[in-house]
Structures are given as C-alpha cells and as structure tokens.
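The chain contents come next:
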Amino acid sequence: MLLPVVLAALVPLAVGAVLAGNETPPTASITPATLEAGEEWPGGSATSRQSVDNRDAFSHFSHGIGFEGEMNFRIGNSVFRRLWVSAPSSTTASDGLGPLYNARGCQNCHIKDGRGRPPQANWPDDTAVSMILKLSIPPETDEQKQLLADKKATFIPEPVYGRQLQNIAIQGHAGEGHPHITYTDVTVTLAGGEVVTLRRPEYSVAHLSYGPLHPHVRLSPRVAPPMIGLGLIEAIPEADIRAGADPGDADGDGISGRVNEVWSLSKAQVMLGRFGWKAGVASVRDQSGIAAANDIGLSNPLVPHPSGDCTPAQTACLDAPNGNSDHTGGVELGGELFDLLVFYSENLAVPARRDPEDATVLRGKALFHQVGCAACHRPTFTTGEFEGQPHLSGQKIWPYSDFLLHDMGEDLADGWPEGDASGSEWRTAPLWGVGLTETVVGHTFLLHDGRARNVQEAILWHGGEAQRARDTYAALTPEDRAALLAFVNSL
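A short tour of the structure in this document, coming up. (Residues numbered from 1 in each chain as written. Predicted model: local features only at pLDDT ≥ 70, side-chain atom pairs only at ≥ 80, totals over all residues. Heavy atoms only, no water.)

## Quick notes on the overall build of the chain
Move 1: Along the chain, the regular secondary structure elements total 13 helices and 13 strands.
Move 2: Projected onto its principal axes, the C-alpha coordinates of the chain cover approximately 70 × 55 × 45 Å.
Move 3: For the chain, the residues scored as buried account for 56% of the 491 residues in total.
Move 4: Long-range contacts, defined as pairs at least 24 residues apart, comprise 70% of the intrachain contacts of the chain with a sequence gap of at least 6.
Move 5: Accessible surface, the chain as shown: approximately 19700 Å² in total, 52% of it carbon and sulfur.
Move 6: The averaged location of the 58 negative side-chain charges in the chain is 2 Å from the averaged location of its 36 positive side-chain charges. (Helix = DSSP H or I, 4+ residues; strand = E, 2+ residues; numbered from the N terminus. Buried < 20%, exposed > 50% of the residue type's maximum accessible area, 1.4 Å probe, protein only. Contact = heavy atoms within 4.5 Å. Areas by Shrake-Rupley, 256 points an atom, 1.4 Å probe, with all protein chains shown as cover. Lys, Arg positive; Asp, Glu negative; His and termini not counted. Charge placed at Lys NZ, Arg CZ, Asp CG, Glu CD.)

## So, the state of the cysteines
Move 1: Taken as a whole and judged by the stated rule, the model has 1 disulfide.
Move 2: The disulfide that involves C310 links it to C317, with 1.6 Å between the sulfurs. Per residue, the accessibility class of C310 equals that of C317, and both read buried.
Move 3: The thiol of C376 is unpaired, and the distance to the nearest cysteine sulfur, on C373, comes to 9.2 Å. (Disulfide = S-S within 2.5 Å.)

## Some points on helix 6 (residues 284-296)
Move 1: Over its 13 residues, helix 6 extends 17 Å from the first C-alpha to the last, a length consistent with the 18 Å expected when each residue adds 1.5 Å.
Move 2: Looking at the packing, one finds that the buried side of helix 6 touches strand 2 (100-101), helix 2 (106-109), helix 4 (230-235), strand 8 (261-264) and helix 8 (335-346). (Expected span 1.5 Å × (residues − 1).)

## Quick look at the packing of helix 6 against helix 8
Each pair of packed helices can be summarised by the angle the axes make with each other and by the distance between the axes.
Move 1: Helix 8 packs onto helix 6 with a crossing angle of 120 degrees between their chain directions and a minimal axis gap of 9 Å. By the angle between their axes, helix 6 is oblique relative to helix 8. Relative to helix 8, helix 6 is oriented so that their crossing is right-handed. Each of V284, R285, S288 and G289 in helix 6 lies in contact with helix 8, whose residues at this interface are F338, D339, V342, S345 and E346.
Move 2: Across the contact of helix 6 with helix 8, the residue classes break down as 3 nonpolar, 3 polar and 3 charged. (Axes fitted to C-alpha atoms, helices over the stretch in contact; angles between N-to-C directions. Parallel < 35°, antiparallel > 145°, perpendicular 65-115°, else oblique. Left-handed = near helix turned anticlockwise from the far one by under 90°. Nonpolar A, V, L, I, M, F, W, Y, C, P; charged D, E, K, R; others polar.)

## A look at the pattern of salt bridges
Move 1: Summed over all chains, the structure comprises 21 salt bridges.
Move 2: The shortest N-O distance in the salt bridge between R353 and E39 comes to 3.4 Å. Taken together, the residues R353 in the loop between helix 8 and helix 9 (359-371) and E39 in the loop between strand 1 (2-3) and helix 1 (66-81) connect sequence positions 314 residues apart. Like E39, R353 is buried.
Move 3: For R453, the salt bridge goes to E457, with nearest N and O atoms at 3.1 Å.
Move 4: When its relative accessible area of 30% is taken as the criterion, R453 is described as partly exposed. (Salt bridge = Lys/Arg side-chain N within 4 Å of Asp/Glu carboxyl O.)

## Let's talk about the nonpolar core
Move 1: With 50 residues, the main nonpolar core has L232, I241, L333 and W432 as its most contacted residues.
Move 2: Within the residue set of this core, elements represented by two or more residues are helix 1, helix 4, helix 6, helix 8 and helix 10 (437-441).
Move 3: Examining the composition of this core, we find that 5 residues originate from one element, helix 8, more than from any other.
Move 4: Of all hydrophobic cores here, the second largest spans 40 residues; its members include M408, I459, L476 and V488. (Core = buried A, V, L, I, M, F, W, Y, C linked by side-chain atoms within 4.5 Å.)

## Considering the side chain of E418
Move 1: Considering the arrangement of structural elements, one finds E418 in the loop between strand 12 (405-407) and strand 13 (425-427).
Move 2: At a separation of 3.2 Å, a polar atom in the side chain of E418 contacts the side chain of R222.
Move 3: For E418, the contacting residues outside a window of four places in its chain are T154, R222, N260, K278 and G280. (Polar contact = N/O pair within 3.5 Å; in protein donor to acceptor, adjacent residues only side chain to side chain.)

## Examining the packing of aromatic side chains
Move 1: One pass over the structure, following the stated rule, counts 9 aromatic pairs.
Move 2: The interplanar angle of 75 degrees and the centroid separation of 5.7 Å between the aromatic rings of F61 and F73 together place this pair among those described as edge-to-face. Placement of the pair is F61 in the loop between strand 1 and helix 1 and F73 in helix 1, with a sequence separation of 12 residues.
Move 3: For F73, a relative accessible area of 3% puts it in the buried group. (Phe/Tyr/Trp six-rings, centres within 6.5 Å; stacked < 30°, edge-to-face > 60°.)

## Quick notes on the pairing of strand 7 (residues 218-223)
Working note: regular strand, side chains alternate between the two faces of the sheet.
Move 1: Of all 6 residues in strand 7, 5 are buried; the element is thus mostly enclosed.
Move 2: In terms of strand pairing, strand 3 (residues 131-136) meets strand 7 through 6 bridges, oriented antiparallel. Within strand 7, the residue paired with L135 across the bridge is L219. (Pairing = 2+ DSSP bridges.)

What follows is the structure, given as structure tokens:
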C-alpha cells in the first residue's frame, strides 16, 4: 500500500527559451580572473597532499596532523567503517545495532567519505541506504511549542515513526517503511538552444509497518553530504559567519542570508548552526552523536538512549536487548571510541585543486563572480583557534559557502522547517571537492535530495534569492557556461 504523503513544493519551474528562438547571445566581455595566493590549497596548510585521481581522494588526514594525530585518525577511521551487529553478541565491542536503523555503519551512508545518492529505483529494486526521509509534525501542545521556542528542539518528531524513517530492522523486528520517489521531467531551454531535462521528485512512503503516519506529517529527503573539511568549518569564528547575515536585505542586493540558532548537545547551550542541509547542527561532535543514534541506533555519550529513534508507540523496539555495557560507560558507542570518531570526522582533509591556473577555469572563476554565485558561495574564511588542533587553526580556507540560510524558492522547498530555517531555506552548501564527486563515489548527484544529476542541473534548480544568478547563468553563451562549470568542477 502506498501512502500519498507528498512534498508541497510543486510550483512549476520556469521553463522555455531564455532568448527568442535559438538566438545565441554575444560572448561576455570579461577579463579572466587570476589565481590568488593559496587558492590551490583550499584547506590551507591542512589541505591533503595525496593523490586526487582515485576513490580515496576524500579519505586522507589533514596535513600537519602529526604522528599521534595520524594514529588517532586511523583508529577513528576503523570506527567509521565498523559494521555494527545486534545485541546480544559475542562481539560486545560492536553490538547495539538498531533495533531500527538506516545503515550498519557510517561508511555505508558517506560512501568513501563522500556524498550519498538517492535510490535509483523504488524498493525492492533498490534501497535508500545513503538517503533518509526526515519526519516531523507541526507543534500541537504547549510543551512542544515551548521546546521549539527555547531551541531545545529544531522540530517535533512524528509520534509513531520518530525523527526519520528507518527502513531496516534487526531480526525479529520490522523496518518502518520505504521511501517512494516519482520523477517528472521538466525541460529548460538555455541560451544558444541547449535543452536541459530536469527531474522533479515527489516523495511518499510505502509499506508502513506501524500504522498510518500523522495526517500532518512533513517529509524531507536528505542525501548524506561529503565529510571533507568539517573541522575547518567548525574552526571558523562564529562572529565571521554572523557578519555575513543580512536578514532584512539592508544592502538591497536581493540576498538576505540568515543564521540558524540551535541547541548544542555537547555544549548544553544555544549556538550557531553550521552543519546539515539546513544548518540544524552546531558541531561535528553533535552531528556524530545524533547520526550514531538515529542512523545506526547506537547509544553514545550525547544520545544515551539504547533504542535509537524508537518511539513510545514502538514497544517491541524499546523492549529489545541492547548493547549498553559497563566497560563502555553504559552506552553502546563508548566515550573513547566516540572521541576518535569525532576526531576522524574533523580531520578528513580537503583535496587540492585541479588545474586552477587553466585559462578556461580562470575565465569560469571570473564568470562565477559576475553571475552572482559568490554572493552566497563566499570563497574564503580564515579559521580561528581550534583547541588542541593547531593544524586546523589560523588557516585561510576556500569552502565557497557563507554557511547561512537562504530562501531558495518554492521549487527546492521541502516544506520542512528546522529550527529557524523555513521550509524553503537551505544552508549554502560548500563547493570544495564537488568536482571529485564522480571520482570518489561514481556519480554526480547533487542537492539535498540528489535530484540534480550534475552541477548545471543544480544551478538550474536555484530560485528565490538565487533566481537572478540562475537566470544570468542560463543566458550565458554555451562557451561561457562551460567555463563556469569547469571552474566549479576544479574546486
């Protein structure tokens, strides 16, 4: 049975020719940019010095990490790659999976430390291993409204199915259901006559195991993002990110980035959100604890509940054996291993640029700024002090993101508020490493739900605050569009 719960973002995308007929506009008169000092090392001195020509391009440790750091990184990598099993098990260091889960290990979602992908077919022909469906409902009680107001929560979970749909379960239990995706083709004609076919997704849930979803449930598909440069992002001074916010568009440029204020589990206070598709998480440590609990079902120092995302309505799940043990501090993923997992996640290095001095790439860089992409995809920051990790401190980095929320228009809206983020706002995604996606994971699917099959399709889905830049890109000559894409893919 298919439950018809569909995202509300179905406003038609602007289609049709940008210019009359197939008229080709004149080539833009623009002076190619120059390569700036340090630009070839987007992670500063922490940039990986290893090869970028193979699938391990995202899996190297930060340069300058030191001997002890390298050892801790390698142990953390083993935790990241570990496949967990259900409890009780003779393998007590690796039990505690589920009972409901999306993957048996971190690496299953973040393939080779890179980007996940949407399923290529609906279940049972494919499984959504590296894309989840987040679930929420509008607040219904005063207590729920107060949780949101106090920022102790960024959303209210669905009462039966919890924070996200877990499609897999341990033996003796049933997975919650399976995401079902239907794509509709949308054609866009660019200057010069190029026709691009985009795919508009609609989401629903099939094969529900625990009864109907709440009548006002909200769904948001989320593909696992790449892991590179997370520690450098966390090291950016909060004030520097906040300085770029312009919620009232005081400068009148049509760009009004906002911050997301969220509760940090590790710091027990409200902090700037900078991770996740809607900047709903404050730190790498917070993200690691939340993902371990919700995606794998592992209790940990930040989320000590052994049943993961099981809800009070799922009594069999709550009553199942768990892997909590005294020798791991009363949780399944103990503090020592958890710290190493966090360290590993903080130190996955950004790869070096490819051909940054190429003439076409430099022309594309100039066009990237002229079109307006850099208004949100801010090229640089300088990191502050990262306690205990001097190799991440004081680095000029090139993430190409302002880490702010922007309204991207109704075509990309998921109708899923998260903290201060509305249903049409998204954090600007960093672009570093984007051109290595296919090398690392074998695909080029982009955006929060993987609907875009390449960089050009991702640009053409931009709306809202980015509509002007999107339309300017669409009006470029084919040669100039190719140059801009060459620049982005060199990052």
